Amino acid sequence: MPVPFPSVAFFESLQAEMRAARERFARLGFFDTTFGIRVLAEGGAPTREFVLGFEVFDCVRATEGLNGLPLDFVIEGSLAAWRGMFDTIHALGAADTAHSLNTLTHFGEGLRLHYDDPDGHDKLYRFAESIQEFLDLASRVDFVYPDGTRPPARLEARQGSAS
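Everything numeric in this text was worked out from a predicted model, so none of it was measured. (Residues numbered from 1 in each chain as written. Predicted model: local features only at pLDDT ≥ 70, side-chain atom pairs only at ≥ 80, totals over all residues. Heavy atoms only, no water.)

Let's talk about the nonpolar core
Grouped together as the largest cluster of nonpolar side chains are 41 residues, with contacts concentrated most on Phe-5, Ile-75, Phe-86 and Phe-134. Sorting elements by how many residues they give to this core places helix H3 (residues 79-92) first, with six residues. With near-sequence residues (within four places) excluded, Ile-75 lies in contact with Phe-35, Gly-36, Ile-37, Arg-38, Trp-82, Leu-101, Thr-105, Leu-111, Arg-112, Leu-113 and Leu-124. (Core = buried A, V, L, I, M, F, W, Y, C linked by side-chain atoms within 4.5 Å. Buried < 20%, exposed > 50% of the residue type's maximum accessible area, 1.4 Å probe, protein only. Helix = DSSP H or I, 4+ residues; strand = E, 2+ residues; numbered from the N terminus. Contact = heavy atoms within 4.5 Å.)

Re helix H1 (residues 8-20)
Residues that lie three or four places apart on an α-helix share one face, since the helix turns once every 3.6 residues. The end-to-end C-alpha separation of H1 is 18 Å, in line with the 18 Å expected for 13 residues at 1.5 Å each. Within H1 the residues assigned to the buried category are Val-8, Phe-10, Phe-11, Leu-14, Gln-15 and Met-18. What you see down the axis of H1 is that its buried residues fit within an arc of 160 degrees, all on one side. (Expected span 1.5 Å × (residues − 1). Arc of directions from axis to C-beta.)

Quick notes on the environment of Asp-96
Within the secondary structure layout, Asp-96 lies in the loop between H3 and helix H4 (101-106). Within the structure, Asp-96 has its side chain in polar contact with the side chain of His-99 (distance 2.7 Å). (Polar contact = N/O pair within 3.5 Å; in protein donor to acceptor, adjacent residues only side chain to side chain.)

Topic: the pairing of strand E2 (residues 33-40)
In terms of residue burial, E2 counts as a mostly covered element, since six of its eight residues are buried. With seven bridges joining them, E2 and strand E3 (residues 48-55) adopt antiparallel strand pairing. Bridging across to E3, Arg-38 finds its partner in Glu-49. In this structure, E2 lies alongside strand E5 (residues 73-78), joined through six bridges in parallel fashion. The residue bridging Arg-38 from the neighbouring strand is Glu-76, located in E5. (Pairing = 2+ DSSP bridges.)

By themselves, these are just geometric observations and shouldn't be taken as functional.
Below, the structure written as C-alpha cells:
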C-alpha cells in the first residue's frame, strides 16, 4: 500500500530505508543535523511541515510540525518543486543534477533555504551529500501524491517493458 507524500509515513519510510542501508551512509561520514521540510500549500491544501533529525548514520526523528524546535535550517518549496525532485529520483534511482537539493536550493528558484545563523546554512552544504542520499531513498518507496497519482516508474522498468 503506498504511503502519501507529504506525510510522516513517507519520511518514516525513508528512515527505514536508511537503516537498511547503514553501510552506504557510514561511508559518507557522520551526519548530525536537525532540519525542517516545508511543503507549501497549493489548491487550498494546508502547508505541511516536518522535522528530520539525524545523528551519526541514522535518521532518529521524523515528525510533523516544526513546533518551535531549534532547527539548523528549513527547506521550503511548493508541492510541484518537491514532486519534480521525487519524480526524478523515482524514475532514475537518484536525483539528476537539475533536480538535486544543491541545484534546487542554490538560487532559491525551486526550493528555498531558511536559516537563522550561518552555522545552519553551513550544515546544509556540509551534509548535502548525505541529505541527498537520504532523499534518493524515495526511489525504493511506494508512494502517492495528494492528487492520487504516483511518481513515474523506474526508467529501466519502462525500457524493459518496451522491448
